[in-house]
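Coordinates in review
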Amino acid sequence: MTKQIKITALLLVLATLFCLAACNTVDATGLWENATYRRDVTLGKGAKTVEVEIKAGDDAITVTVKTDADTLGEALLAHGLIEGKDGLYTTVNGMTADWNVDQSYWGFYKNGEYMMVGMDDATIADGEHYELVYTK
């Protein structure tokens, strides 16, 4: 291969990687302005891998969590993805929902079905998919 072809091929690869990274980014506006993560990310090490899709407004990211924790609440707290008191988590990924301010809350789902238990009581297994949905 000639030097010019190698350089062109390298530039195409770099441009593709840049596009993939940029195309998977949520703008830092509205609800996402204070978000900790605005793109898909993988966190932790452990025997179990769970996906947590965080949805707010028209945007969503997926956080893949590798953990040895028994419950989703424990796994998310370990990575600073949720904040709250007494199992009532009002902040997810740096974004706050407050029922007392604007009747918003974080809906908790597993595979699209509303969970009847809180994150602290949701026992996790490898390969599960959860959704945390900003709801108003």
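In case you missed it, the structure is sitting above this.
One structure accompanies this document, and this report is about it. Just so we're clear, the structure is a prediction, and the values are computed from it rather than from any experiment.

Observations concerning the overall build of the protein
- Scanning the protein for helices and strands turns up 3 helices and 9 strands.
- Per-residue burial over the protein gives 35% buried out of 136 residues.
- Taking contacts inside the protein between residues at least 6 apart in sequence as the whole, the part at least 24 apart equals 48%.
- Entry remark: accessible area of the protein is about 8500 Å², with carbon and sulfur atoms responsible for 53%.

Notes on the sheet that holds strand β2 (residues 48-56)
- Read across the open sheet, the 6 strands follow the order β1-β3-β2-β9-β7-β8; overall the sheet is mixed. The two strands at the open ends of the sheet, each matched to only one other strand, are β1 (41-43) and β8 (113-114).

Section: the sheet that holds strand β5 (residues 88-92)
- Read across the sheet, 3 strands follow the order β4-β5-β6 without closing on themselves; strand pairing throughout is antiparallel. Looking along the sheet, the strands with just one partner apiece sit at the ends: β4 (82-85) and β6 (95-96).
- Across 4 bridges, β4 lies against β5 in antiparallel orientation. Bridging from a neighbouring strand, E83 pairs with T91 of β5.

Let's talk about unusual backbone geometry
- The phi angle at D86 is positive, at roughly 50°, despite the residue not being glycine.
- Of note, D86 is situated in the loop between β4 and β5.
- A positive phi angle, near 55°, is found at N93, a position not held by glycine.
- When you line up the elements, N93 lands in the loop between β5 and β6.

Details of the layout of surface pockets
- In this structure, the largest pocket encloses a volume near 330 Å³.
- Lining the largest pocket are 18 residues; nearest its centre among them are G87, L88, Y89, Y105 and W106.
- Those elements that place two or more of their residues in the lining of the largest pocket are β5, α3 (99-102) and β7 (105-110).
- Along the lines of polarity and charge, the residues of the lining of the largest pocket split into 12 nonpolar, 5 polar and 1 charged.

Remarks on a nonpolar patch on the surface
- On the surface, W99, Y105, Y114 and M116 cluster together to form a nonpolar patch covering roughly 530 Å² of accessible area.
- Locating Y105 in the fold gives a position in strand β7.
- Exposure remark for Y105: the relative accessible area of 34% places this residue in the partly exposed category.

Reading the values: the criteria
- Residues numbered from 1 in each chain as written.
- Predicted model: local features only at pLDDT ≥ 70, side-chain atom pairs only at ≥ 80, totals over all residues.
- Heavy atoms only, no water.
- Helix = DSSP H or I, 4+ residues; strand = E, 2+ residues; numbered from the N terminus.
- Buried < 20%, exposed > 50% of the residue type's maximum accessible area, 1.4 Å probe, protein only.
- Contact = heavy atoms within 4.5 Å.
- Areas by Shrake-Rupley, 256 points an atom, 1.4 Å probe, with all protein chains shown as cover.
- Pairing = 2+ DSSP bridges.
- 1 Å grid on protein atoms, 1.4 Å probe; cavity = no way out; pocket = protein on both sides within 12 Å on 5 of 7 lines; lining within 4 Å.
- Points joined across faces, edges and corners; volume = space filled by probe spheres on them.
- Nonpolar A, V, L, I, M, F, W, Y, C, P; charged D, E, K, R; others polar.
- Patch = residues over 30% accessible without salt bridge, like charges linked within 9 Å, V, L, I, M, F, W, Y side chains within 5 Å.
- Salt bridge = Lys/Arg side-chain N within 4 Å of Asp/Glu carboxyl O.

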